Amino acid sequence: QLSAQFATFADFSLTYVCFQWLGIHYLLATTIGTCIGGLINCLINYKWAFVTKDCKFQWVLFKYILVWGGSLALNVFGVFLLFEFLKNNIIEWELFDGFYLILSKIFISFIVAIGWNYTLHRYFASYSQNKKRRCTFYKWTKNNKCFVKI
């Protein structure tokens, strides 16, 4: 979960900075934040959090990209719908745009994380090429002495 927290922090921070400080359109800011957050999550999980012993890196990466591509599309489209709804139906004051963007990202990211990311990573991305068994995942123990099967 630490990798997800780092990725989420990077995603939200970058989205907010791009939108509020750099003046980038909110959909592009959302895309940039989601892309960087996804990259950070993938790298942390692959390098430090999980090690697959019976799945090739290319296979894991290919499936991760498929899942993540869908996640990116759902996040950007969901943020677009909710942001536009809030902006046009609540208070049409530009001062609230940053708040609406972060509120939209929080709500949509949570739904996509539970309904899309978790489900597909669990039942699709973690299966080996022959689809007969899940990839065996190992993680480094807290005392940093060995890998344990999870």
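The rules behind the values
Residues numbered from 1 in each chain as written. Predicted model: local features only at pLDDT ≥ 70, side-chain atom pairs only at ≥ 80, totals over all residues. Heavy atoms only, no water. Helix = DSSP H or I, 4+ residues; strand = E, 2+ residues; numbered from the N terminus. Buried < 20%, exposed > 50% of the residue type's maximum accessible area, 1.4 Å probe, protein only. Contact = heavy atoms within 4.5 Å. Salt bridge = Lys/Arg side-chain N within 4 Å of Asp/Glu carboxyl O. Patch = residues over 30% accessible without salt bridge, like charges linked within 9 Å, V, L, I, M, F, W, Y side chains within 5 Å. Areas by Shrake-Rupley, 256 points an atom, 1.4 Å probe, with all protein chains shown as cover. Polar contact = N/O pair within 3.5 Å; in protein donor to acceptor, adjacent residues only side chain to side chain. Core = buried A, V, L, I, M, F, W, Y, C linked by side-chain atoms within 4.5 Å. Expected span 1.5 Å × (residues − 1). Phe/Tyr/Trp six-rings, centres within 6.5 Å; stacked < 30°, edge-to-face > 60°.

Caption draft 1: Just the overall build of the protein, in detail. The helix and strand tally for the protein stands at four helices and three strands. Ordered by position from the N terminus, the helices and strands of the protein form the series α-α-β-α-α-β-β. Put simply, the protein has 150 residues, and 34% of those count as buried. Counted over contacts in the protein with a minimum sequence separation of 6, partners at least 24 positions apart contribute 64%.

Caption draft 2: Focus on the pattern of salt bridges. Evaluated as defined, the whole model comprises two salt bridges. Of the charged contacts, one joins Asp 11 and Lys 105 as a salt bridge, the two residues approaching to 2.9 Å between their closest N and O atoms. Note that Asp 11 is positioned in helix H1 (residues 2–21) and Lys 105 in helix H4 (residues 97–125), a separation of 94 residues in sequence. The exposure classification of Asp 11 matches that of Lys 105, with both residues buried. Taking the shortest distance from any N to any O, the salt bridge between Asp 97 and Lys 87 comes out at 3.4 Å. Here the residue Asp 97 occupies a position in helix H4, and Lys 87 occupies one in helix H3 (residues 57–89), the gap between them amounting to 10 residues.

Caption draft 3: How the structure looks around a nonpolar patch on the surface. A surface patch of nonpolar side chains, about 550 Å² in accessible area, is lined by Phe 85, Ile 90, Ile 91, Trp 93 and Leu 95. Along the chain, the position of Trp 93 falls in the loop between H3 and H4.

Caption draft 4: The arrangement of the side chain of Thr 15 in detail. Its place among the elements puts Thr 15 in helix H1. Residue classification places Thr 15 among the buried positions, given a relative accessible area of 0%. One polar contact links the side chain of Thr 15 to the main-chain carbonyl oxygen of Asp 11, over a distance of 2.8 Å. Here the side chain of Thr 15 touches Ala 29 through a polar contact of 3.4 Å, landing on its backbone oxygen. In this structure, Thr 15 is in contact with Ala 29, Thr 30, Gly 33, Leu 101 and Lys 105, ignoring residues within four places of it in sequence.

Caption draft 5: Region of the structure containing the environment of Phe 12. Its location among the elements puts Phe 12 in helix H1. Linking Phe 12 and Thr 34, residues 22 residues apart in sequence, is a C-alpha distance of 8.1 Å. If we skip the residues at most four places from it in the chain, Phe 12 touches Ile 102, Lys 105, Ile 106 and Ser 109.

Caption draft 6: Looking closely at the nonpolar core. Judged by nonpolar contacts, Cys 18, Phe 19, Tyr 26, Ala 29, Val 79, Phe 83, Leu 86, Tyr 100, Leu 101, Ile 108 and Val 112 together constitute the single largest core of 11 residues. If you list the elements that add at least two residues to this core, you get H1, helix H2 (26–49), H3 and H4. Among the elements that take part in this core, H4 stands out by supplying four residues, more than any other. Sequence-distant contacts of Cys 18, defined by excluding residues within four places in its chain, comprise Gly 23, Ile 24, Ala 29 and Ile 32.

Caption draft 7: Structural detail: H1. The first and last C-alpha atoms of H1 sit 27 Å apart over 20 residues, in line with the 28 Å expected at 1.5 Å per residue. Taken together, the buried positions of H1 are occupied by Ser 3, Ala 7, Ala 10, Asp 11, Phe 12, Thr 15, Cys 18 and Phe 19. A positive phi of about 75° marks Gly 23, the residue just after H1.

Caption draft 8: Representation of the packing of aromatic side chains in the model. Under the definition given, this model contains five aromatic pairs. Here Phe 96 and Tyr 100 contribute two aromatic rings whose centre-to-centre distance is 6.0 Å and whose plane-to-plane angle is 25°, an arrangement assigned as stacked. Look at Phe 96 and you get partly exposed, because its relative accessible area is 28%. Clustering of aromatic rings is evident, with ring pairs tying together Phe 19, Tyr 26 and Phe 83.

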